[in-house]
Amino acid sequence: MLDNIFTNNKIFPAFLAPMAGFTDAPFRRLCSRLGCDMSVSEMISAKAMVYRDKKTAALAKIYEGEAPVSIQLFGHEPDVMAEAACMVAEGSFEGCDFARPPVAIDINMGCPVKKIVSSGDGSALMKTPELCGRLVEGAKKCGLPVTVKIRAGFTAQSKNAVEVARICADAGAAAVCVHGRTREQMYAPGVDLDIIAAVRDALPDSVYVIGNGDVRDFESARHMVSYTGCNGVMVGRAALGDPWLFAEIASGGVGYEPPSHEERLRTAAELIAEICREKGEFAGVRESRGRAAHFIKGLRGAAEMRAALNSAETLAEVMDILKI
Ligand SMILES: Cc1cc2nc3c(=O)[nH]c(=O)nc-3n(C[C@H](O)[C@H](O)[C@H](O)COP(=O)(O)O)c2cc1C
C-alpha cells in the first residue's frame, strides 16, 4: 500500500501531518476528499494503548472514505511499542473502530513538547539513536510497515537526523519523514531543506523520505521535492484552515481555483457538525472555536466571527455564525 502511494502518483504524494487536537477522522476525511494521499492520526501513547485506556482508543478511529491512514504511537519502551503496534495491527482493543485498517504504524520521534520530552518520548528519542532502531524493530513485530517521524536533531549542535534515519532504515523502517527543524527550534524559523536532502542521500532508494516543514502551496511543495529529492511532502499547519491545499498540490499548480468565501464557511460548518456528531455537542462546540478560526482567517468579518464563536454554546449557534 505504501509503495502504491509513492509509485502511482502523477507528481509526488502529499501527506497530512499528524497534529494532536486536529487530525481526527473528520478532518482527515475532509483532506482525503480534497486530494490528500495519506494521513497520520493524532499521536497516541503506546503505554495508554497497552493499558487499554478508552479515550486513547477513540483517537485511533478511522472513517470510511479516508485516504490511507497510519496510526502514530509515541513511547520509548520497545516492548510496549511492540505490544501497542500489535494491538493496532490486529485491531484488537476495546473501542477499536477502523472502517478501514491502518496501513502503517508511525513512531513519533519529533514531538518537542516539554511533558513528552521529559518522559523520554518524542524528539528526546533523537538523543539515543540506538533506541530509535529498537523501537522500529518492536513496532514491526506484527507485520504492519513502520514509518518514523524525526526532526533535524535535538539542538543545533546535535543535528543527527542522518544517523537516526540510517539506524531506523537498518531496523526496517519503510519511510522516514523529516521535519527540517531541531527540537530547540520548535516551529520557527524556516525549515532546513539541506538536512532533508542529506537524509534522502543517505538512505537506500527502497526507503521513502518525506519532507516536512512550511509547505503552504504547490510551489513550496515542488521546491521541497526538487531541492531535496524527497519522495513526497507532509503538510501540517497550512492545511488546518486550507485543506484545499491538497487539491492545489494534486493539480500540479495548473488550473487550481481556490475556494470561495462561501465554500470556506460551508466546509468549516460541515466539519464542526461532524466533530459534534463524533465527540458530542459540548466537546465539539468548544473544540470548534479553535478549529473554525483557522478557516475564517483573512476572511471579511473574521474578528467578529471569532469573537462570536468564542461565546457560542450550542452547535446551532455555531452554524448561525458560520452561515453564508
Ligand atoms: C498543533 C500541532 C500539533 C502537532 N501534533 C503532532 C503530533 O501529534 N505528532 C507529530 O509527529 N507531530 C505533531 N506536530 C508537528 C507537525 O506534524 C509538523 O511536523 C509541524 O507542524 C511542521 O510542519 P508544518 O510546517 O507544515 O506545520 C504538531 C504540530 C502542531 C502545530
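Think of each chain on its own: its residues are numbered from 1, step by step along the sequence as written. The predicted nature of this model means local features are confined to residues of pLDDT at least 70 and side-chain atom pairs, given and counted, to a pLDDT of 80 or more, with totals for whole chains, interfaces and linings taken over all residues. The basis for the side-chain values is all heavy atoms of the structure; hydrogens and waters are excluded.

Undergrad: Mind showing me how you'd approach the overall build of the chain here?
TA: The helix and strand tally for the chain stands at 15 helices and 9 strands. Here the globule rule is a power law, 2.2 Å times the number of residues to the power 0.38, and the radius of gyration is based on C-alpha atoms. The C-alpha radius of gyration of the chain comes to 19 Å, within 12% of the 20 Å expected for a compact globule of 324 residues. Taken over the C-alpha atoms alone, the chain extends approximately 55 × 45 × 35 Å along its principal axes. Across the chain, contacts joining residues at least 24 apart in sequence account for 70% of those joining residues at least 6 apart. In this charge count, Lys and Arg are treated as positive and Asp and Glu as negative; neither His nor the chain ends contribute. Throughout, a charge is located at the NZ atom of Lys, the CZ atom of Arg, the CG atom of Asp or the CD atom of Glu. Distance between charge centroids for the chain: 3 Å, based on 37 positive and 41 negative side chains. For the purposes of this entry, the term helix denotes a DSSP run of H or I that reaches at least four residues, the term strand denotes a run of E that reaches at least two, and both are numbered from the N terminus. The contact rule is simple, with two residues in contact once any of their heavy atoms fall within 4.5 Å.

Undergrad: Help me understand the packing of helix H2 (residues 25–33) against helix H12 (residues 261–279) in this model?
TA: If you want to describe how two helices pack, look at the angle between their axes and the distance between the axes. Each axis is a line fitted through C-alpha atoms, taken for helices only over the stretch in contact, and angles between the N-to-C directions span 0 to 180 degrees. Put simply, H2 and H12 touch, their axes get as near as 9 Å, and they point 140 degrees apart. Crossing of H2 against H12: the hand is right-handed. Together, Pro26, Phe27, Arg29, Leu30 and Arg33 of H2 and Thr267, Glu270, Leu271, Glu274 and Ile275 of H12 make up the contact between the two elements. Across the contact of H2 with H12, the residue classes tally to 5 nonpolar, 1 polar and 4 charged. Handedness of a crossing follows from how the near helix is turned relative to the far one, being left-handed for an anticlockwise turn of less than a right angle and right-handed for a clockwise one. Under the scheme applied here, ten amino acids are nonpolar (Ala, Val, Leu, Ile, Met, Phe, Trp, Tyr, Cys and Pro), four are charged (Asp, Glu, Lys and Arg), and all others, including Gly, are polar.

Undergrad: Mind showing me how you'd approach the site of the ligand here?
TA: Note on terminology: near, applied to a residue and a molecule or strand, indicates that one of the residue's heavy atoms is within 4 Å of it. Lining the immediate surroundings of the ligand are 17 residues, of which Pro18, Gln72, Asn212, Asp214 and Arg237 lie closest. Here Gln72 contributes a side-chain N or O atom positioned 2.8 Å from a nitrogen atom of the ligand. Take Asp214: an N or O atom from its main chain is 2.7 Å from an oxygen atom of the ligand. Taking 610 Å² as the accessible area of the ligand by itself, protein coverage stands at 89%. Here a polar contact is recorded for every N or O atom pair within 3.5 Å, except that within protein the pair must consist of a potential hydrogen donor and a potential acceptor, and residues adjacent in sequence are included only if both atoms are side-chain atoms. Accessible areas in this description were obtained via Shrake-Rupley with a 1.4 Å probe; residue shielding takes into account the shown protein chains only.

Undergrad: I'm lost on the packing of H12 against helix H13 (residues 281–296) in this one. Help?
TA: Axis separation between H12 and H13 bottoms out at 8 Å; the angle between their running directions is 155 degrees. As far as their axial angle goes, H13 and H12 are roughly antiparallel. Crossing hand, H12 versus H13: right-handed. Contact residues: Arg264, Leu265, Thr267, Ala268, Leu271, Ile272, Ile275, Cys276 and Lys279 in H12; Glu281, Ala283, Gly284, Val285, Glu287, Ser288, Arg291, Ala292, Phe295 and Ile296 in H13. Each residue belonging to the contact of H12 with H13 can be placed in one class, and the counts come to 11 nonpolar, 3 polar and 5 charged. The cut-offs work like this: below 35 degrees is roughly parallel, past 145 is roughly antiparallel, 65 to 115 is roughly perpendicular, and the gaps in between are oblique.

Undergrad: Where do I start with H12 in this structure?
TA: One turn of the α-helix equals 3.6 residues, which is why residues spaced by three or four share an orientation. Take the residue count of a helix, subtract one, and multiply by 1.5 Å to get its expected span. Given a rise of 1.5 Å per residue, 19 residues ought to cover 27 Å, and the 27 Å separating the end C-alpha atoms of H12 matches this to within 8%. Residue burial is assigned from relative accessible area. The probe radius is 1.4 Å, only protein chains are included, and a residue is buried under 20% of its type maximum, exposed over 50%, and partly exposed in between. Along H12, the residues that are buried comprise His261, Arg264, Leu265, Thr267, Ala268, Ala269, Leu271, Ile272, Ala273, Glu274, Ile275 and Cys276. Where H12 is buried, its residues contact H2, H13, helix H14 (302–311) and helix H15 (315–321). Trailing H12 by a residue or two, Gly280 shows a phi angle of about 95 degrees, which is positive.

Undergrad: What is the right way to read the nonpolar core from this model?
TA: For soluble globular proteins, the rule of thumb is that nonpolar side chains tend to be buried together. In these notes, a set of buried Ala, Val, Leu, Ile, Met, Phe, Trp, Tyr and Cys residues joined through side-chain atoms within 4.5 Å is what counts as a nonpolar core. Membership of the largest hydrophobic core comes to 90 residues, with the highest contact counts inside it found for Met109 and Ile150. Domain start and stop positions are those given by an automatic or database domain assignment. Each of domain 1 (2–250) and domain 2 (261–321) contributes no fewer than three residues to this core. Contact partners of Met109, with chain neighbours within four places excluded, come to Gly122, Ser123, Leu125, Met126, Cys132, Val136, Val148, Lys149, Ile150, Arg151, Val164 and Cys168. By size, the runner-up hydrophobic cluster in this structure holds 14 residues, among which are Ile5, Phe6, Ala17 and Met234.

Undergrad: Any chance you could explain the state of the cysteines here in plain terms?
TA: Every disulfide links exactly two cysteines, by a covalent bond between their sulfur atoms. By disulfide we mean two sulfur atoms from cysteines, separated by a distance within 2.5 Å. Scanning the model with the defined rule gives 1 disulfide in all. Free of any disulfide, Cys36 has its nearest neighbouring cysteine sulfur in Cys31, separated by 5.7 Å. This cysteine, Cys230, is not joined by any disulfide, and Cys177 carries the nearest cysteine sulfur, 9.1 Å off. Given the relative accessible area of 4%, Cys230 is considered buried.

Undergrad: It is not clear to me how the pairing of strand E8 (residues 208–212) should be interpreted in this structure. Could you clarify?
TA: Moving residue by residue along a regular strand, the side chains alternate between the two faces of the sheet. Among the 5 residues in E8, 5 count as buried, and that is most of the element. Because side chains alternate across E8, one face comprises the buried residues Tyr208, Ile210 and Asn212, and the other comprises Val209 and Gly211, equally buried. Handedness of the crossover joining strand E7 (residues 175–182) and E8 through helix H9 (residues 193–202) is recorded here as right-handed. Strand pairing is defined by DSSP finding a minimum of two bridges between the two strands. Relative to strand E9 (residues 232–235), E8 runs parallel, the two sharing 3 bridges. By the bridge assignment, Ile210 is partnered in E9 with Gly232. A crossover counts as right-handed when, viewed with the strands pointing away from the observer, the path leading from the first strand over the helix to the second turns clockwise.

Undergrad: Help me out: how do you make sense of the pattern of salt bridges in this one?
TA: Should their charged atoms come close, side chains of opposite charge can pair. Should a side-chain nitrogen of Lys or Arg be within 4 Å of a carboxyl oxygen of Asp or Glu, the pair is scored as a salt bridge. A full pass over the atoms with the stated rule returns 17 salt bridges. Glu219 is the partner of Arg222 in a salt bridge, and the nearest nitrogen-oxygen pair spans 2.6 Å. In this pair, Arg222 and Glu219 both sit in helix H10 (residues 218–228), 3 residues apart, roughly one turn of the helix. With a relative accessible area of 34%, Arg222 lands in the partly exposed category. Of the residues examined, Glu219 reaches a relative accessible area of 43% and is grouped as partly exposed. Bridged by salt links that share partners, the residues Asp24, Lys279, Glu287 and Arg291 form one connected network.

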